[in-house]
Amino acid sequence: MDSTSGPALYPLHRCKTLHLVRHAQGHHNVAAEKNHDEYMSEDYFDAALTPLGWQQVDNLHKHVLACGLLKKIELVIVSPLMRTMQTAVGVFGGGDCTDGVDIHPLMSANAGDSDRSAISSLNCPPFISVELCRELLGVHPCDRRRSITQYQRLFPAIDFSPIENNEDVLWKADIREKNEEVIERGIKFLNWILTREEKEIAVVSHSGFLYRTLSAFGNDCHPSVKSEITNQ
């Protein structure tokens, strides 16, 4: 991003390792596969994960434990929506809470009607929620968030301090964010990450946001590499 010809993949002395994770399957994904118009339904406001989505989370959690990645990650950044936070704490959290341990859990029991036990914040990296990595804003109720006050009760150990407004002032019922606006937001997000001290960071976000953000990169690479960067 130091390149004057546009965003570059290699900011040289400011390099960090980012592990980009798209949330697991949400109820809105299942509905929209059958009928795309379901994205407009209030039934899927701030959609939570499906049972299959939680299986995907459990599988990835086992993987990050087995390969030692969980010990390397210094920070988890997550979009403030139910499906992304459920994915983040399930994958990178400390597992089920232990009785007698007086510490805020990453997720309260049954958050988002998940029928899941509380997830511990022990022996895992800190979690911070940032609005810059949200899904495309506007029109689709599944992409509208709840109040931060509600989320703080459901995800007590996630740091929501970077979010300025309790209510969702970014989502508009009649205006869908344009691709170029998402790209601009994505680059702003990556520039913010570069201000962080952590070198190895996990980001749990959304396919639309990640695809459009990454599309701004790789123009200095072979076309096959560029294709892999933006492959959903």
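So, here's what we can say about the structure. It should be emphasised that the depicted structure is a prediction, and the values quoted were computed from it without experimental measurement.

The rules behind these values
Residues numbered from 1 in each chain as written. Predicted model: local features only at pLDDT ≥ 70, side-chain atom pairs only at ≥ 80, totals over all residues. Heavy atoms only, no water. Helix = DSSP H or I, 4+ residues; strand = E, 2+ residues; numbered from the N terminus. Buried < 20%, exposed > 50% of the residue type's maximum accessible area, 1.4 Å probe, protein only. Contact = heavy atoms within 4.5 Å. Areas by Shrake-Rupley, 256 points an atom, 1.4 Å probe, with all protein chains shown as cover. Pairing = 2+ DSSP bridges. Axes fitted to C-alpha atoms, helices over the stretch in contact; angles between N-to-C directions. Parallel < 35°, antiparallel > 145°, perpendicular 65-115°, else oblique. Nonpolar A, V, L, I, M, F, W, Y, C, P; charged D, E, K, R; others polar.

## A look at the overall build of the protein
Point 1. On a plain count of helices and strands, the protein comes out with eight helices and five strands.
Point 2. Across the 232 residues in the protein, those meeting the buried criterion constitute 48%.
Point 3. Nonlocal contacts in the protein, meaning residues at least 24 apart in sequence, comprise 75% of its contacts between residues at least 6 apart.
Point 4. Carbon and sulfur atoms make up 49% of the accessible area of the protein, which totals about 11900 Å².

## Focus: the environment of Glu 38
Point 1. For Glu 38, the position within the fold is in the loop between helix 1 (27-34) and helix 2 (51-66).
Point 2. Judged by its relative accessible area of 26%, Glu 38 is partly exposed.
Point 3. Separated by 102 residues in sequence, Glu 38 and His 140 have C-alpha atoms that sit 8.9 Å apart.
Point 4. If sequence neighbours within four positions are ignored, Glu 38 has contacts with Ala 31, Ala 32 and Tyr 44.

## Let's talk about the pairing of strand 5 (residues 200-205)
Point 1. Within strand 5, six of the six residues are buried, which leaves the element mostly enclosed by the surrounding structure.
Point 2. Neither face of strand 5 is left uncovered, since the one carrying Glu 200, Ala 202 and Val 204 and the one carrying Ile 201, Val 203 and Ser 205 both have all their residues buried.
Point 3. Bridge count between strand 1 (residues 17-22) and strand 5: six bridges; the pairing is parallel. Note on strand 5: the bridge partner recorded for Val 21 is Val 204.
Point 4. Across four bridges, strand 2 (residues 75-78) lies against strand 5 in parallel orientation. By the bridge assignment, Val 78 is partnered in strand 5 with Val 204.

## A closer look at the sheet that holds strand 1
Point 1. Ordered by their spatial adjacency, five strands build an open sheet running 1-5-2-3-4, and the pairing between neighbours is parallel. Where the open sheet ends on each side, the last strands, each with one partner, are strand 1 and strand 4 (158-159).
Point 2. Here strand 3 (residues 127-129) runs beside strand 4; their pairing, made up of two bridges, is parallel. Counterpart to Ile 128 in the pairing with strand 4 is Asp 159.
Point 3. Each of strand 1, strand 2, strand 3, strand 4 and strand 5 touches helix 4 (residues 82-92); the most contacted strand, strand 5, lies at about 140° to it.

## So, the packing of helix 6 (residues 179-194) against helix 7 (residues 207-214)
Point 1. The geometry of helix 6 relative to helix 7 is characterised by a closest axis approach of 8 Å and an angle of 80° between their N-to-C directions. Of the possible angle classes, the one that applies to helix 6 and helix 7 is roughly perpendicular. The segment helix 6 lies against helix 7, with Asn 179, Val 182, Ile 183, Arg 185, Gly 186, Ile 187, Phe 189 and Leu 190 engaging Phe 209, Arg 212 and Thr 213.
Point 2. Classifying every residue of the contact of helix 6 with helix 7 gives six nonpolar, three polar and two charged.

## Remarks on unusual backbone geometry
Apart from glycine, the bulk of residues carry a negative phi angle, and the bulk of peptide bonds sit in the trans form.
Point 1. Here Asp 46, not a glycine, exhibits a phi torsion of approximately 45°, which is positive.
Point 2. Mapped onto the fold, Asp 46 is located in the loop between helix 1 and helix 2.
Point 3. Accessibility expressed as a relative area gives 1% for Asp 46, which makes it buried.
Point 4. For Asn 123, which is not glycine, the phi torsion reads 55° and is therefore positive.
Point 5. Within the secondary structure layout, Asn 123 lies in the loop between helix 4 and strand 3.

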